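Read off the chains here:
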Amino acid sequence: MTLDKLNRPLKDLRISVTDRCNLRCVYCMPKEIFGPDYKFLGRDDLLSFDEIEQICRSFASLGGKKLRLTGGEPLLRGGLPRLIGRLSRVEGIEDIALTTNGLLLPRFASDLYAAGLKRVNVSLDSLDDARFGAINGLGVGVQGVLDGMKAAADAGLQVKVNMVVKKSSNEQDIIPMARYFKDTEYILRFIEFMDVGNTNGWDLSQVITRQQIVDMIDSVMPLTPIAPQYEGEVAARYRYTGTDREIGIISSITQSFCSSCSRARLSADGSFYTCLFASRGFDLRTLLRTDISGDELTEKLRQVWNNREDRYSDLRSLEGTGPSRGAVPKIEMSYIGG
Ligand code: SAM
Ligand code: SF4
Ligand code: SF4
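Residues numbered from 1 in each chain as written. Chains lettered and ligands numbered in written order. Predicted model: local features only at pLDDT ≥ 70, side-chain atom pairs only at ≥ 80, totals over all residues. Heavy atoms only, no water.

Section: helix α5 (residues 143–155)
How we decide: In this text, helices come from DSSP runs of H or I with a minimum length of four residues, and strands from runs of E with a minimum of two, each type numbered from the N-terminal end. Here a helix's expected span is defined as the number of its residues, less one, multiplied by 1.5 Å. Partly exposed describes any residue whose relative accessible area lies between the buried limit of under 20% and the exposed limit of over 50%, with all areas from a 1.4 Å probe on protein chains only and scaled to the type maximum. By definition in these notes, contact holds between two residues if any of their heavy atoms fall within 4.5 Å.
When the terminal C-alpha atoms of α5 are compared, their 18 Å separation across 13 residues agrees well with the 18 Å that a helix rising 1.5 Å per residue should span. Here α5 has its buried residues at V145, L146, G148, M149, A151, A152, A153 and A155. Where α5 is buried, its residues contact α3 (105–115), β4 (119–123), α4 (129–135), β5 (158–165) and α6 (174–182). After α5 finishes, the residue G156 shows a positive phi value of roughly 110°.

So this is what it looks like as structure tokens:
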């Protein structure tokens, strides 16, 4: 096990495979900023599949077990099933998952499953076309995402649904989403709106808290809390009382989970980050492109993790009022990978 300064092991790696996306969600890539003139990474900036695999080998040899591919929209990266196939053969990797907006799943779900993917998280913030279209910035309707979920489930993938809840945007969708997904095989997870990046205009008053979400649902469909499945599980889970159906809530804002955070992140251009809210990462791409050996790379990663002391959300909670870093720029979610 590789431990950081707060004794947290390195277990998970989230890999952003592209900073591009086919949506412009207001809380992630607002279209006013990520417009036609926005400079996305070029092809040579992106880590190659060889480079990603090499990093995953080092990660696994330090005790890392879980990978999640994300972005931007990961299904925009050409050959993604091929990458998944390669990563699923890395010794020590036990679980690979994907976070996607779902629109391209009808095209790729069976190839992803055949390549070794087991699970997908599909993001959907409303069942109302007008509201979803406003949130995703491009007027894209709900049906394409539901079709993506179905294609994934039909292909054999386990599906979870991620709903970011933002005040005055989609709080009225909490109960309709809960009702709809209660009767499906997909598990719905609510995510508190987070102060990630610098462009989404976050402030605490726009957060609907975990407690508010639970109270709202519980008043019409009673909920019973259930125990975590494993140490470090980020979602607090609740069962609809008297059923085997459940929901999860990820409350980075009101109930931070830094003390058990075992996640590292790799940006699409090869920077290694030890916290979602980091300002700076460790540049692995330059190292990889200077003929570093596998053992040297592993040693570098070990050092970076050993020096880690991030606990941004805990500090934000202690300060109480808002983003704890004030004016210090953070990395955008679409770049670092959600
Ligand atoms: N494009 C893919 C998608 O939307 O699922 C993957 C990348 S996206 C950055 C990963 C997750 O982060 C999504 O579930 C998205 O809703 C969530 N997310 C993005 N910005 C967020 C924010 N400010 N607060 C909370 N969650 C956010
Ligand atoms: Fe794209 Fe996902 Fe961000 Fe929405 S949340 S803009 S789908 S990367
Ligand atoms: Fe982990 Fe950073 Fe999030 Fe805390 S704030 S849970 S350390 S990613």
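Re α6
Counted only if it meets this: Directions are taken from the helix axis to each C-beta atom, and the arc is the one they span.
Buried within α6 we find I174, M177, A178 and F181. Down the axis, α6 shows its buried residues gathered within 100° of arc, on one side only.

Observations concerning the site of ligand 3
Definition in use: Being near a molecule or strand, for a residue, means having at least one of its heavy atoms within 4 Å of it. Think of it as three bins: nonpolar holds Ala, Val, Leu, Ile, Met, Phe, Trp, Tyr, Cys and Pro, charged holds Asp, Glu, Lys and Arg, and polar takes everything else, Gly as well.
By nearness alone, every residue bordering ligand 3 is listed as F257, C258, C261, R265, C275, L276, F277, R308, D310, Y312 and S313. Looking at the shell around ligand 3 residue by residue, the classes come out as seven nonpolar, one polar and three charged.

Concerning the packing of α6 against helix α7 (residues 210–220)
What counts is decided by this rule: Lines fitted to C-alpha atoms define the axes, with helix axes restricted to the stretch in contact, and inter-axis angles between N-to-C directions lie between 0 and 180 degrees. Should an angle lie under 35 degrees it is considered roughly parallel, over 145 roughly antiparallel, and from 65 to 115 roughly perpendicular; all remaining angles are considered oblique. Take the far helix as the reference: if the near one is turned anticlockwise from it by less than a right angle, the crossing is left-handed, and if turned clockwise, right-handed.
At a minimum axis distance of 10 Å, the contact between α6 and α7 shows a crossing angle of 60°. Here α6 is positioned oblique relative to α7, judged by the angle of their axes. For the crossing formed where α6 meets α7, the hand is right-handed. Residues I174, I175 and A178 of α6 form the contact with α7, whose participating residues are I213, M216, I217 and V220. Its residues assigned to classes, the contact of α6 with α7 shows seven nonpolar, no polar and no charged.

Points about the UniProt feature "domain: Radical SAM core" (unreviewed entry) in the protein
In plain terms, the rule: UniProt positions are given in the numbering used here, feature names are shortened, and annotations may be inferred rather than shown by experiment.
Here, UniProt's "domain: Radical SAM core" (unreviewed entry) annotation points to residues 5–227. The span residues 5–227 is 33% helix and 17% strand, and its two end C-alpha atoms sit 28 Å from each other.

Points about the site of ligand 1
For clarity, the threshold we go by: In the analysis that follows, any N or O atom pair within 3.5 Å is treated as a polar contact, provided that within protein one partner can donate a hydrogen and the other can accept it, and provided that, for residues neighboring in sequence, both atoms belong to side chains. Here the Shrake-Rupley method, with its probe set to 1.4 Å, supplies the accessible areas, and only the displayed protein chains count as covering residues.
Residues in close proximity to ligand 1 total 20 residues, the closest being Y27, G72, S123, V164 and M194. A distance of 3.2 Å is found between an oxygen atom of ligand 1 and a backbone nitrogen or oxygen belonging to T100. Within the side chain of N162, one N or O atom sits 3.2 Å away from an oxygen atom of ligand 1. Here ligand 1 loses 95% of its free accessible area of 540 Å² to cover by the protein chains. Broken down by secondary-structure element, the contributors of at least two residues to the shell around ligand 1 are β3 (95–100), β5 and β6 (187–192). Grouping the constituent residues of the shell around ligand 1 by class yields eight nonpolar, ten polar and two charged.

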